[in-house]
Amino acid sequence: MKLLSLCTFLSCVFSMRSELCDTNWKSCSNVADIATITCDTATRSDCDVVNGSLTTSDDESVLGLVVPPFTTIDPETCRKKCQEQADSAPDQKCEFFRWFKDHATKETTCSLQTTCEHDQWCDSFDCATGQLPDCDEDGNRIFPCPLASPTVWDNSKFHVICTDPLLGDVNVYDSMTTSVPGNTVCSTIRMCAAWNETGVEASEPFYRKLAIKCNGAVGSESGTWEALPLTGSAALSAAMIADNTIIEQECASTCDDLTITIPPNQYWADLICDNPLEENKLKDGNSCILLCDNHLKMSIDCRFTREGEKQWQDGEGTELTAATIKC
């Protein structure tokens with residue numbers, strides 16, 4: 001019984017260890033046994049790729065790394081190229097990447113490799129390395145979350161920004177983005193006053209916003225999306241992700257009706273609106289311009305403030321009232 005318990009314990013230990021990252025993942029030396037992508041920042045010519053010791057010059061998983069062509073590469077793109085090669089190669093898969101910017105030669109390189117040896121000099125803004133899947137600060141594997149399709153850009157809804165704490169912004173509107181790193185947080189860019197969940201203080205980072213996170217929990221084959229707490233709306237935050245696709249949400253805030261009455265003695269004033277006013281009332285969804293003696297005096301539109309409120313404003317962003325709309 002004791003032997004069985006010991007074996008069970010050791011099995012758990014080894015299982016946990018299999019989810020740990022390489023101890024050198026933050027500062028890998030340049031092995032590049034899969035491939036090296038080189039971009040010349042001075043000439044801005046197309047980046048090229050050279051196979052490593054474990055691949056051949058006609059290896060499609062290597063040649064395809066620079067198709068379609070591009071002229072620059074950053075750490076996030078380097079990580080994606082490592083993932084791209086690993087997904088397409090039958091064997092000899094990329095597990096580590098190393099991005100380096102050489103100020104002397106004006107070249108930026110992305111090394112794709114299967115091993116990671118310690119490089120004491122790779123610890124600056126000009127050098128970034130990592131392992132697939134991502135690692136947290138404690139050296140645990142953090143699995144990515146899948147994206148089934150790109151987010152649809154809808155001007156009538158609030159756009160979304162996704163940020164990985166290690167690699168920066170992740171473009172979920174790009175069809176090339178098929179997954180996001182674990183711990184990536186996606187939130188609405190702007191506030192909406194209608195998202196005013198009780199108990200969420202203005203000091204909270206997602207006050208009047210929506211937010212979800214890729215939970216790359218250790219031990220999963222892939223991360224899972226979850227709505228973050230203390231957002232403007234728990235229900236709408238959860239609605240941001242459906243079938244592994246991030247969905248923009250609509251803000252229900254509206255401008256109050258604005259009664260516009262041009263002084264009768266200002267016969268040279270002309271109010272031109274997209275839609276006719278009903279009982280002199282300007283409603284949300286409509287907009288106008290005021291001409292004074294055929295010269296543009298102001299535009300009148302319903303716009304969002306930084307706090308997510310909607311108000312009638314002129315072209316300079318100044319709030320308008322019935323009293324201020326005149327020649």
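See the structure shown above.
Notes on the structure in this doc start here. (Residues numbered from 1 in each chain as written. Predicted model: local features only at pLDDT ≥ 70, side-chain atom pairs only at ≥ 80, totals over all residues. Heavy atoms only, no water.)

**Comments concerning the overall build of the protein**
Thinking step 1. A count of helical and extended segments in the protein gives four helices and 22 strands.
Thinking step 2. The C-alpha radius of gyration of the protein comes to 27 Å, more than 25% above the 20 Å expected for a compact globule of 327 residues.
Thinking step 3. Taking the principal axes of its C-alpha atoms as reference, the protein extends roughly 95 × 65 × 30 Å.
Thinking step 4. Across the 327 residues of the protein, 40% fall into the buried class.
Thinking step 5. Summed over all atoms, the accessible surface of the protein reaches about 18200 Å², with 52% contributed by carbon and sulfur.
Thinking step 6. Taken together, the 24 basic and 51 acidic charged side chains of the protein have centroids lying 4 Å from each other. (Helix = DSSP H or I, 4+ residues; strand = E, 2+ residues; numbered from the N terminus. Rg over C-alpha atoms; globule rule 2.2 N^0.38 Å. Buried < 20%, exposed > 50% of the residue type's maximum accessible area, 1.4 Å probe, protein only. Areas by Shrake-Rupley, 256 points an atom, 1.4 Å probe, with all protein chains shown as cover. Lys, Arg positive; Asp, Glu negative; His and termini not counted. Charge placed at Lys NZ, Arg CZ, Asp CG, Glu CD.)

**As for the state of the cysteines**
Thinking step 1. In the structure shown here, the tally under the stated rule is twelve disulfides.
Thinking step 2. Residue Cys 28 pairs covalently with Cys 116 via a disulfide, S to S 2.0 Å. One disulfide, between Cys 28 and Cys 116, carries an S-S torsion of -100° and so falls in the left-handed class. Residue Cys 28 is located in the loop between α1 (2-17) and β1 (35-40), and its partner Cys 116 is located in the loop between β4 (107-113) and β5 (127-131); the two are separated by 88 residues in the primary sequence. You'll find Cys 28 and Cys 116 in the same group, each marked buried.
Thinking step 3. Each disulfide pairs two cysteine sulfurs, and for Cys 39 the partner residue is Cys 47, the sulfurs being separated by 1.9 Å. Judged by the sign of its S-S torsion, about 115°, the cystine formed by Cys 39 and Cys 47 is right-handed.
Thinking step 4. Given the relative accessible area of 7%, Cys 47 is considered buried. (Disulfide = S-S within 2.5 Å.)

**Some details on the pattern of salt bridges**
Thinking step 1. In the structure shown here, the tally under the stated rule is eight salt bridges.
Thinking step 2. Here Glu 76 and Arg 79 are joined by a salt bridge, their closest N and O atoms 3.1 Å apart. Linking Glu 76 with Arg 79, this pair stays in helix α3 (residues 75-88), spanning three residues, or about one helical turn.
Thinking step 3. Judged by relative accessible area, Glu 76 falls into the buried class, the value being 7%.
Thinking step 4. Looking at Arg 79, the relative accessible area reads 4%, which means it is buried. (Salt bridge = Lys/Arg side-chain N within 4 Å of Asp/Glu carboxyl O.)

**Considerations on the pairing of strand β21 (residues 295-304)**
Thinking step 1. Sheet topology note: the strand β20 (residues 288-292)/β21 ladder contains five bridges and is antiparallel. From the neighbouring strand, Leu 290 faces β21, where its bridge partner is Met 298.
Thinking step 2. Hairpin connection of β20 to β21: two residues between the antiparallel strands, including Asp 293 at a positive phi of 55°.
Thinking step 3. For β21 and strand β22 (residues 310-313), the ladder comprises four bridges, and the chain directions are antiparallel. Bridging from a neighbouring strand, Cys 302 pairs with Trp 312 of β22.
Thinking step 4. Between β21 and β22, which pair antiparallel one after the other, the connecting turn spans five residues, and Gly 308 there sits at a positive phi close to 90°. (Pairing = 2+ DSSP bridges.)

**Observations regarding the sheet that holds strand β2 (residues 48-51)**
Thinking step 1. One open sheet holds the five strands; their spatial order is β2-β1-β4-β3-β5, and the pairing between them is antiparallel. The strands lining the two open edges of the sheet, one partner per strand, are β2 and β5. Across the sheet, the axes of successive neighbouring strands diverge by a mean angle of 15°, strand direction being ignored.
Thinking step 2. Bridge count for strand β3 (residues 96-102) against β5 is five bridges, and the pairing is antiparallel. Bridging across to β5, Phe 96 finds its partner in Gln 131.
Thinking step 3. In the packing of α3 onto the sheet, the strands contacted are β1, β3, β4 and β5, and the crossing angle to β3 comes to about 145°. (Axes fitted to C-alpha atoms, helices over the stretch in contact; angles between N-to-C directions. Contact = heavy atoms within 4.5 Å.)

**With respect to unusual backbone geometry**
Thinking step 1. Cis geometry is adopted by the peptide bond preceding Pro 68, which originates at Val 67 and carries an omega value of -5°.
Thinking step 2. Cis peptide bonds are those with omega within 30 degrees of zero, and the linkage from Leu 132 to Pro 133 qualifies with -15°.
Thinking step 3. Among the structural elements, Pro 133 can be located in the loop between β5 and β6 (134-135).
Thinking step 4. Phi angles above zero are rare outside glycine, and Asn 183 is one such case at about 75°.
Thinking step 5. Relative to the elements of secondary structure, Asn 183 occurs in the loop between β11 (179-180) and β12 (185-188).

**A look at the sheet that holds strand β18 (residues 269-273)**
Thinking step 1. In spatial order, the strands read β18-β20-β21-β22; together these four strands make up an open sheet with antiparallel pairing. Each end of this open sheet is capped by a strand with a single partner; those strands are β18 and β22. Neighbour to neighbour, the strand axes of the sheet diverge by 15° on average, direction disregarded.

**A few points about the packing of aromatic side chains**
Thinking step 1. Throughout the structure, instances matching the rule amount to four aromatic pairs.
Thinking step 2. With a centroid separation of 5.0 Å and 75° between ring planes, the pair formed by Phe 158 and Phe 304 is classed as edge-to-face. Of this pair, Phe 158 sits in the loop between β8 (145-146) and β9 (160-164) while Phe 304 sits in strand β21, and the two are 146 residues apart along the sequence.
Thinking step 3. The interplanar angle of 85° and the centroid separation of 5.0 Å between the aromatic rings of Tyr 267 and Trp 268 together place this pair among those described as edge-to-face. (Phe/Tyr/Trp six-rings, centres within 6.5 Å; stacked < 30°, edge-to-face > 60°.)

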